[in-house]
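Residue-level structure breakdown
This is what each chain is made of:
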Amino acid sequence: MVQPPRRDGPPSVHHVAARAGVSLATVSNVLNHPERVRDATAARVHAAIADLGYTPNRNARALASGRSRSIGLVVSSLQNSLFSDMLNGAQVAAREREFALLIASSENDPRAQADHLAFLESTRVSGILLATMEESRDQVELTRRHGHPVVYVNYEPTDVDACSVVVDNERAGYIATTHLIERGCRRIGFVSARQELQPVHRRRAGVLRAIAEHPGVRLVDVDAGDIDPPGGTDAGVRIAGMPASERPDGVLGVTDLLAMAVVTELRAAGIRVPEDIPVSGCDHNSVAWGGAVPLTSVTMHGAEMGARAVDLLLAELLDPPDEHVHRTVVLDTELVPRESTLGREGAAAARRGTPEDPRRTEA
């Protein structure tokens with residue numbers, strides 16, 4: 001007869017074995033390989049688990065199997081709702097597959113990102129979703145050599161053969177710029193920074209394509225220094241201080257936070273938005289929606305990106321390594337017009353779906 005162990009803390013597998021009258025190996029098989037155990041024996045073990053309120057030690061099981069039913073997600077920053085939307089989408093998709101999601105934010109610091117990847121490896125995650133804004137080849141290759149597949153989110157790798165999910169950032173820049181041109185703008189101020197970041201680079205390509213399609217329209221580059229709000233504040237002050245004949249008559253911020261800061265500075269200088277200068281953002285960041293003038297922007301489909309990334313990762317886990325084919329999923333994007341380009345009445349008409357004169361309304 002198995003002697004009951006002392007009970008100095010939460011119930012353990014030893015208590016379950018004693019209560020069910022079976023060996024530790026049998027309890028392990030019930031938890032990890034139930035097909036090896038007779039139904040009657042498994043029923044006794046499950047009854048003991050229920051009676052004792054035993055919870056399996058997931059860390060111990062991960063060490064034994066080399067993997068846990070968890071997925072890691074490292075994002076660039078949680079200050080942008082794109083990444084929090086991505087997190088929510090990934091979490092729902094993971095939960096539906098009975099996986100837990102472990103989350104970390106690098107705050108745009110490559111060294112912090114490397115530390116997070118190493119930590120997630122130590123927890124024996126099954127794989128990692130990496131929402132970065134720049135190439136991370138060395139970090140990703142090291143993680144994969146350690147046996148952890150990596151799926152990029154919001155970034156299409158160019159030097160690494162890996163699965164990825166991205167939104168069409170080139171189209172985002174294109175449709176936002178086209179919208180400003182349709183409002184009558186002929187000098188498009190593009191407020192941006194850090195062209196080495198893939199989303200920034202691709203949105204700029206879309207801006208240039210839209211301008212090239214419209215003779216008489218020209219680009220006014222406004223370097224914000226960084227993609228955070230202080231850069232937008234500085235850019236807004238500089239735009240407001242330009243001579244009226246040289247000042248952009250339409251502004252596109254490569255991020256919504258930049259655009260919102262520009263709106264604030266233009267209005268502080270007595271320049272009306274949108275009557276004097278329509279302003280649009282480009283990444284549908286809900287953090288920037290609380291200003292005095294609701295901001296026109298472009299959808300990023302963060303939740304769908306997160307969910308599709310989980311699908312790609314789990315498919316890679318199931319495929320034999322020598323048969324898996326990496327692929328990139330590209331999600332379309334749409335303009336969301338609001339008061340910062342349409343004015344109050346125009347935005348109301350857009351919400352109702354009423355056809356609206358695309359010509360710019362002069363004061």
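Treat the numbers as computed from the prediction; the structure is a model and nothing was measured.

Turning our eyes to something else, we now look at the packing of helix α2 (residues 24–32) against helix α3 (residues 39–52). Where α2 contacts α3, the two axes come as close as 10 Å, and the packing angle between them is 90°. Between α2 and α3, the angle falls in the class roughly perpendicular. Across from Thr26, Val27, Val30 and Leu31 in α2, the residues of α3 making contact are Thr41, Ala42, Val45, His46 and Ile49. Residue composition of the contact of α2 with α3, by class: 6 nonpolar, 3 polar and no charged.

As a further point, take the pattern of salt bridges. A side chain with one charge can pair with a side chain of the opposite charge if their charged atoms come near. This structure, assessed with the given rule, holds 13 salt bridges. With a shortest N-O distance of 3.0 Å, Glu156 and Arg202 are connected by a salt bridge. Of the two residues, Glu156 is situated in the loop between β4 (150–153) and β5 (164–167) and Arg202 in helix α9 (residues 198–212); the sequence distance between them amounts to 46 residues. For Glu156, a relative accessible area of 25% gives the class partly exposed.

Read across the sheet, 4 strands follow the order β7-β6-β8-β9 without closing on themselves; strand pairing throughout is parallel. With partners counted over all chains shown, the strands left at the sheet margins are β7 (218–223) and β9 (279–280), one partner each. As paired elements, strand β8 (residues 250–253) and β9 share 2 bridges and run parallel to each other. Its bridge partner being in β9, Val251 is matched across the sheet by Val279.

Another point: the nonpolar core. One recurring pattern in soluble globular proteins is that nonpolar side chains are buried together. Ile71, Leu129, Val191, Leu266, Val279 and Met305 are the most contacted members of the largest nonpolar core, which totals 72 residues. Leaving out residues up to four positions away in the same chain, Val279 has contacts with Val251, Ala259, Val263, Leu266, Val273, Leu295, Thr296, Ser340 and Thr341. Counting residues in hydrophobic clusters, the runner-up holds 13 residues, among them Val22, Ala48, Ile49 and Tyr54.

In spatial order, the strands read β2-β1-β3-β4-β5-β11; together these 6 strands make up an open sheet with parallel pairing. The strands lining the two open edges of the sheet, one partner per strand, are β2 (100–105) and β11 (328–331). For this sheet, the mean angle separating the axes of adjacent strands, direction not counted, is 15°. Direction of pairing for strand β1 (residues 70–75) relative to strand β3 (residues 127–131): parallel, over a ladder of 5 bridges.

The next thing to look at is the environment of Asp226. Take Asp226: it is sitting in the loop between β7 and α10 (229–240). Look past the residues within four positions of Asp226 in its chain and what remains in contact with it is Ala193, Arg194, Gly231 and Leu258.

A few words now on helix α5 (residues 81–96). Over its 16 residues, α5 runs 23 Å from end to end, which matches the ideal 22 Å to within 8%, given 1.5 Å per residue. Every buried residue belonging to α5 is among Ser81, Leu82, Phe83, Met86, Leu87, Gly89, Ala90, Ala93 and Ala94, and all of these are buried. For α5, the secondary structure elements touched by its buried residues are β1, β2, β3, β4 and α12 (302–318). Among the residues of α5, the N-terminal cap falls to Asn80, whose side-chain oxygen and the backbone nitrogen of Leu82 are separated by 2.8 Å. Positive phi shows up at Glu98, right after α5, with a value of about 65°.

The rules behind each value
Residues numbered from 1 in each chain as written. Predicted model: local features only at pLDDT ≥ 70, side-chain atom pairs only at ≥ 80, totals over all residues. Heavy atoms only, no water. Axes fitted to C-alpha atoms, helices over the stretch in contact; angles between N-to-C directions. Helix = DSSP H or I, 4+ residues; strand = E, 2+ residues; numbered from the N terminus. Parallel < 35°, antiparallel > 145°, perpendicular 65-115°, else oblique. Contact = heavy atoms within 4.5 Å. Nonpolar A, V, L, I, M, F, W, Y, C, P; charged D, E, K, R; others polar. Salt bridge = Lys/Arg side-chain N within 4 Å of Asp/Glu carboxyl O. Buried < 20%, exposed > 50% of the residue type's maximum accessible area, 1.4 Å probe, protein only. Pairing = 2+ DSSP bridges. Core = buried A, V, L, I, M, F, W, Y, C linked by side-chain atoms within 4.5 Å. Expected span 1.5 Å × (residues − 1). Polar contact = N/O pair within 3.5 Å; in protein donor to acceptor, adjacent residues only side chain to side chain.

Interpretation in functional terms is not warranted from these geometric data alone.
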